[in-house]
Amino acid sequence: MAAKGTSLRQYALTRLALVVPMVLILLTLVFLLMRVAPGDPVSASLGGHAPPAVINQIKHKLGFDKPLYVQYVQYLGNVGRGNFGTAINPAQPVSEIIKVNGTATLELTLYAMIIAITVGVAIGLLAGRFRDTPVDSGGRLFGIIIYATPIFFLGLMAQLFFGVYLGWLPVSGRASPLTQATLTTHTNIYTIDAIIDRNWAALGDVLRHMILPAFTLGLVTAGVFIRLIRINVIRTMKDDYIEAARARGINERSVVYHHAFRNALVPVITIIGLQVALLLGGAVLTETTFNWPGIGHELLLYIENRDYAAVQGIIVVFALVVVAVSVVIDFVGAFIDPRIRY
Amino acid sequence: MAVPAETARIETRRSILPRVQRAVAPIREARGMQRTMLWVGAAITSAFVLMALLAPLVSPYHFDQYRSGGTRFPQLAAPSAQHLMGTTVTSYDVFSRVIWGAQTEIKVVLISLVMSLSIGVPLGLISGYFAGKLDRVLVLIMDAMLAFPFLLLAIVIAFLLSDKVGQGILTAAIAITVAYIPLYFRVIRNHVISIREESFVEAARAMGARPFTVIRKYVFFNVIQNVPPLATLNAADAILLLTALGFLGYGIQPTQGAEWGYDISRAVSDASSGIWWTGLFPGLAIVLLVTGLTLLGEGLNETINPVLRRRARTNVEFGPSSPSPVIETETEGP
């Protein structure tokens with residue numbers, strides 16, 4: 001047991017050490033990408049109408065008048081200290097955007113993930129278990145079609161049907177104005193805020209606003225899960241130990257549920273981690289469709305305003321989130337599966 | 001002189017035909033769901049390709065036509081005999097835009113596919129074959145790019161290019177290309193690494209073949225088999241990416257061509273008044289085309305990939321004692 005513990009720690013340390021070059025490369029890519037961009041970020045973000053003196057002053061304040069390598073070092077130092085820069089138009093620190101809009105995205109993606117996992121695992125397991133039966137064909141077809149459906153189209157149709165035609169659910173925003181006014185901000189994750197306040201009316205309203213966006217994003221993500229989990233189950237069912245379990249006379253039901261499914265689901269944790277990038281991309285579309293004030297929504301706004309500083313800050317945050325999630329997922333994977341070691 | 005040339009030609013024909021037959025054999029041998037997926041996917045995809053090619057002939061109006069014979073089309077008219085799928089707020093005929101849209105999507109996706117293949121495949125070949133420092137650096141960069149959400153990468157590229165190149169087919173294609181290069185690079189590189197150690201490659205090296213000859217003659221054709229299914233699945237993905245860019249306003253400009261994603265973004269404001277036809281039809285077109293490409297790609301994948309392949313039942317009789325899995329009823333491929 002001691003040896004096992006050591007190797008897990010070693011794995012964790014090696015994995016963490018590998019994060020450093022990855023993050024450095026991502027940061028450098030973002031920096032270079034934003035610098036090769038044509039045009040002058042400051043005057044562009046001010047709409048090109050500001051007097052030169054003002055532009056120069058802002059440039060000086062933001063350090064855009066310094067040589068590139070100085071800017072690069074400063075940028076790395078700032079990111080290292082958790083300073084992601086300041087948006088120019090509308091002016092606010094990027095960290096503030098993350099705190100306010102990032103939590104909105106977090107809440108949305110968490111719910112979407114729950115839906116994606118529930119639907120994806122259930123259908124994927126069934127399709128893999130009953131390979132080449134109508135269950136399998138149906139499950140696969142559902143997976144393919146739902147994945148082929150653009151998030152914004154599914155969202156639009158959901159809005160039309162549940163929002164406009166049936167009138168059951170709200171189609172935009174995180175909460176109704178009344179709830180927004182009564183809800184106090186603790187975490188800015190509305191579900192939790194409402195529970196802390198024991199404000200049940202607000203909780204109901206928040207959840208009603210959540211249904212359409214979360215299902216839209218969750219179902220589309222489930223399409224990927226179905227495909228991957230199905231293949232995993234098929235592969236596991238062919239393994240020798242399944243044959244061995246059957247040979248020992250264990251009934252088929254137990255073989256499938258206790259031996260096959262459990263092992264088929266271990267790699268799924270990694271798969272889920274890999275989908276975080278996809279989910280974040282999807283969140284941008286979901287937020288636009290449902291007017292959800294998340295970080296993707298904000299990113300598009302700043303792109304619209306040609307605010308390079310904000311765009312750079314927000315993509316750096318996106319990149320860091322993706323890296324952080326992949327590290328956590330690898331840790332969990334290594335913890336569960338002792339074969340995963342360097 | 002004429003006779004040897006003639007025989008030579010016959011010989012090449014003879015030697016090529018069996019090779020082609022061997023290459024398509026798995027497709028002919030495909031059975032069951034695989035076969036259905038393959039053919040349904042091929043049918044849907046070719047229908048859209050035909051629609052794209054014949055758009056000027058089959059479409060009743062041009063994609064940016066809002067009047068005919070001096071009279072303006074009605075705004076937001078419901079589907080009717082005149083306008084099969086209704087009209088938009090700017091009086092465009094939705095049916096015509098759906099047809100012309102196929103042309104735009106397929107054009108952009110083809111361009112980006114060719115570009116990302118012609119950059120990603122050679123890079124993967126070189127990086128995988130020569131290994132060393134270059135490989136390590138390329139892998140780090142490509143992994144970093146892969147870690148990044150595709151859509152965000154494409155948005156940022158489109159945003160950066162829109163100032164310089166302008167928004168259009170080329171910008172959209174480049175944005176999609178950049179997002180997919182790392183994928184091809186990674187798949188090709190990993191495959192090259194496993195093939196590099198095979199004995200036939202070693203034999204070629206031992207016989208003194210130069211590295212590029214080895215890559216061209218031995219490695220390339222072994223690796224390239226993976227590309228058709230991957231490229232087909234990526235084409236499906238690329239269409240989703242292009243329509244997403246269009247939806248967010250970073251894709252094809254409305255004056256340059258009809259684009260389904262852009263049309264849906266226009267339809268969002270119609271939805272609140274219960275107008276469904278401006279969004280439904282372009283959306284269904286996306287779903288159908290992407291489904292078709294995915295079915296084709298998955299079908300190809302399972303047909304070519306021996307692990308997943310299922311062949312037609314051969315007449316091999318197993319004795320009664322042969323282990324027959326309970327669930328599997330068909331004969332497995334190797």
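These numbers come from a predicted model, not from an experiment.

How each quantity is defined
- Residues numbered from 1 in each chain as written.
- Chains lettered and ligands numbered in written order.
- Predicted model: local features only at pLDDT ≥ 70, side-chain atom pairs only at ≥ 80, totals over all residues.
- Heavy atoms only, no water.
- Helix = DSSP H or I, 4+ residues; strand = E, 2+ residues; numbered from the N terminus.
- Buried < 20%, exposed > 50% of the residue type's maximum accessible area, 1.4 Å probe, protein only.
- Contact = heavy atoms within 4.5 Å.
- Axes fitted to C-alpha atoms, helices over the stretch in contact; angles between N-to-C directions.
- Nonpolar A, V, L, I, M, F, W, Y, C, P; charged D, E, K, R; others polar.
- Core = buried A, V, L, I, M, F, W, Y, C linked by side-chain atoms within 4.5 Å.
- Domains from an automatic or database assignment.
- Buried area = accessible area lost by both parts, 1.4 Å probe.
- Salt bridge = Lys/Arg side-chain N within 4 Å of Asp/Glu carboxyl O.
- Phe/Tyr/Trp six-rings, centres within 6.5 Å; stacked < 30°, edge-to-face > 60°.
- Lys NZ or Arg CZ within 6 Å of the ring centre and 35° of its normal.
- pLDDT = per-residue confidence, 0-100.
- Patch = residues over 30% accessible without salt bridge, like charges linked within 9 Å, V, L, I, M, F, W, Y side chains within 5 Å.
- Areas by Shrake-Rupley, 256 points an atom, 1.4 Å probe, with all protein chains shown as cover.
- Parallel < 35°, antiparallel > 145°, perpendicular 65-115°, else oblique.
- Left-handed = near helix turned anticlockwise from the far one by under 90°.
- Expected span 1.5 Å × (residues − 1).

(A) Local environment of the overall build of chain A. Of the regular secondary structure elements, chain A holds 14 helices and two strands. The dimensions of chain A, computed from C-alpha atoms along their principal axes, are 85 × 55 × 40 Å. Buried residues in chain A amount to 47% of all 342 residues. Of all intrachain contacts in chain A linking residues separated by at least 6 positions in sequence, the fraction that spans at least 24 positions is 74%.

(B) Summary view of the packing of helix α12 (residues 252-289) of chain A against helix α6 (residues 150-164) of chain B. Two numbers describe how α12 of chain A lies on α6 of chain B: the axes approach to 6 Å, and their chain directions differ by 65 degrees. For the pair α12 of chain A and α6 of chain B, contact is made by Gly281, Val284 and Leu285 of chain A and by Leu151, Leu152 and Ile155 of chain B, respectively. Considered class by class, the residues forming the contact of α12 of chain A with α6 of chain B number five nonpolar, one polar and no charged.

(C) Representation of the nonpolar core. The biggest cluster of nonpolar side chains holds 149 residues, and the ones touching the most others in it are Ile155 and Val219 of chain B. A per-element tally of this core places α12 of chain A first, with 14 residues. For this core, the two domains that each supply at least three residues are domain 1 (2-89) and domain 2 (97-304) of chain A. Counting residues in hydrophobic clusters, the runner-up holds seven residues, among them Ala175, Leu183, Tyr190 and Val206 of chain A.

(D) Region of the structure containing the interface of chain B and chain A. Counting from both sides, the interface comprises 56 residues of chain B and, opposite them, 50 residues of chain A. Summed over both partners, the interface of chain B with chain A buries about 4800 Å², with 75% contributed by carbon and sulfur atoms. At the junction of chain B and chain A, the tally comes to two salt bridges. Ionic pairing is found between Glu298 of chain B and Arg140 of chain A, a salt bridge with its closest N-O pair at 3.2 Å.

(E) Quick peek at the pattern of salt bridges. Taken as a whole and assessed by the stated rule, the structure comprises 11 salt bridges over all chains. Measuring nitrogen to oxygen at the nearest pair gives 3.1 Å for the salt bridge that ties Arg227 of chain A to Glu298 of chain B. Residue Arg227 of chain A is found in helix α10 (residues 200-237), and its partner Glu298 of chain B is found in helix α12 (residues 277-304); the two belong to separate chains. Its relative accessible area of 10% is what places Glu298 of chain B among the buried residues. Residue Asp143 of chain B is joined to Arg186 of chain B by a salt bridge in which the shortest nitrogen-to-oxygen separation is 2.4 Å.

(F) Looking closely at the environment of Leu29 of chain A. Tracing the backbone through its elements, the reader meets Leu29 of chain A in helix α1 (residues 2-36). Owing to a relative accessible area of 28%, Leu29 of chain A belongs among the partly exposed residues under this scheme. Placed 297 residues apart in sequence, Leu29 of chain A and Ser326 of chain A show a C-alpha to C-alpha distance of 19 Å. Residues contacting Leu29 of chain A, with those up to four places away along its chain left out, are Ile141, Ala144 and Met145 of chain B.

(G) Expanded view of the environment of Ala91 of chain A. Its location among the elements puts Ala91 of chain A in strand β2 (residues 91-93). Distance in space between the C-alpha atoms of Ala91 of chain A and Met22 of chain A is 30 Å, their sequence separation being 69 residues.

(H) Here's a closer look at the domain arrangement of chain A. Splitting chain A by domain gives domain 1 (2-89) and domain 2 (97-304). Placing a centre on the C-alpha atoms of domain 1 of chain A and another on those of domain 2 of chain A gives a separation of 32 Å.

(I) Looking closely at the packing of aromatic side chains. All names here are of chain A. Overall, the coordinates contain 14 aromatic pairs over all chains when judged by the stated rule. Measuring from ring centre to ring centre gives 5.1 Å for Phe161 and Phe162, while their planes differ by 90 degrees; the resulting arrangement is edge-to-face. A network of ring pairs unites the aromatic residues Phe161, Phe162, Tyr165 and Trp168 as a single cluster. Above the ring of Tyr190, the side-chain terminus of Arg174 is found at 3.7 Å from the ring centroid. When the ring centre of Tyr147 is taken as reference, the NZ or CZ atom of Arg227 above it lies at 5.6 Å.

(J) Layout of the confidence of the model for chain B. Residues and elements named next belong to chain B. On average, residues of chain B carry a pLDDT of 78, and 81% of them reach 70 or more. Predicted confidence is poor over residues 319-334, with pLDDT under 50, and the contacts of this stretch with residues over four places away or in other chains come to 24 contacts. Model confidence for the complex: the whole-complex pTM is 0.82, and ipTM, which rates the interface, is 0.82.

(K) Structural view of a nonpolar patch on the surface. Residue and element names in this part refer to chain B. Among the surface-exposed residues, Val49, Leu50, Leu53, Leu54, Leu57 and Val58 lie close enough to one another that they form a single nonpolar patch of about 580 Å² accessible area. Per element, the largest residue contribution to the nonpolar patch is three residues, and it comes from helix α2 (residues 32-53). One can find Val58 in helix α3 (residues 55-58).

(L) Region of interest: the packing of helix α4 (residues 94-130) of chain B against helix α10 (residues 227-248) of chain B. Residues and elements named next belong to chain B. Across the interface, α4 lies against α10 with an axial gap of 9 Å and an inter-helix angle of 130 degrees. When the axis of α4 is compared with that of α10, the two are oblique. In this structure, the crossing between α4 and α10 has a hand that is right-handed. Taking contact as the criterion, the partners of Glu105, Val108, Val109, Leu113 and Leu117 in α4 are, on α10, Val227, Ala231, Ala235, Ala238, Ile239, Leu242 and Thr243. Of the residues contributing to the contact of α4 with α10, the split by class is 10 nonpolar, one polar and one charged.

(M) Summary view of unusual backbone geometry. Its identity is not glycine, yet Arg198 of chain A carries a phi of approximately 50 degrees, on the positive side. By the secondary structure assignment, Arg198 of chain A is in the loop between α9 (190-196) and α10.

(N) Expanded view of the environment of Gly124 of chain B. Residues and elements named next belong to chain B. Looking at the element boundaries, Gly124 is found in helix α4. For Gly124, a relative accessible area of 0% puts it in the buried group. A sequence separation of 63 residues divides Gly124 from Val187, and the C-alpha atoms of the two residues are 7.7 Å apart. Excluding anything up to four places from it in sequence, Gly124 contacts Phe185, Ile188, Arg189 and Val192.

(O) Main features of α12 of chain B. The terminal C-alpha atoms of α12 of chain B lie 40 Å apart, and with 28 residues this matches the ideal 40 Å at 1.5 Å per residue to within 8%. Along α12 of chain B, 23 of the 28 residues are buried, which leaves the element largely enclosed by surrounding structure.

(P) Fine view of α10 of chain B. When the terminal C-alpha atoms of α10 of chain B are compared, their 30 Å separation across 22 residues agrees well with the 32 Å that a helix rising 1.5 Å per residue should span. Here α10 of chain B lies mainly inside the structure; 20 of its 22 residues are buried.

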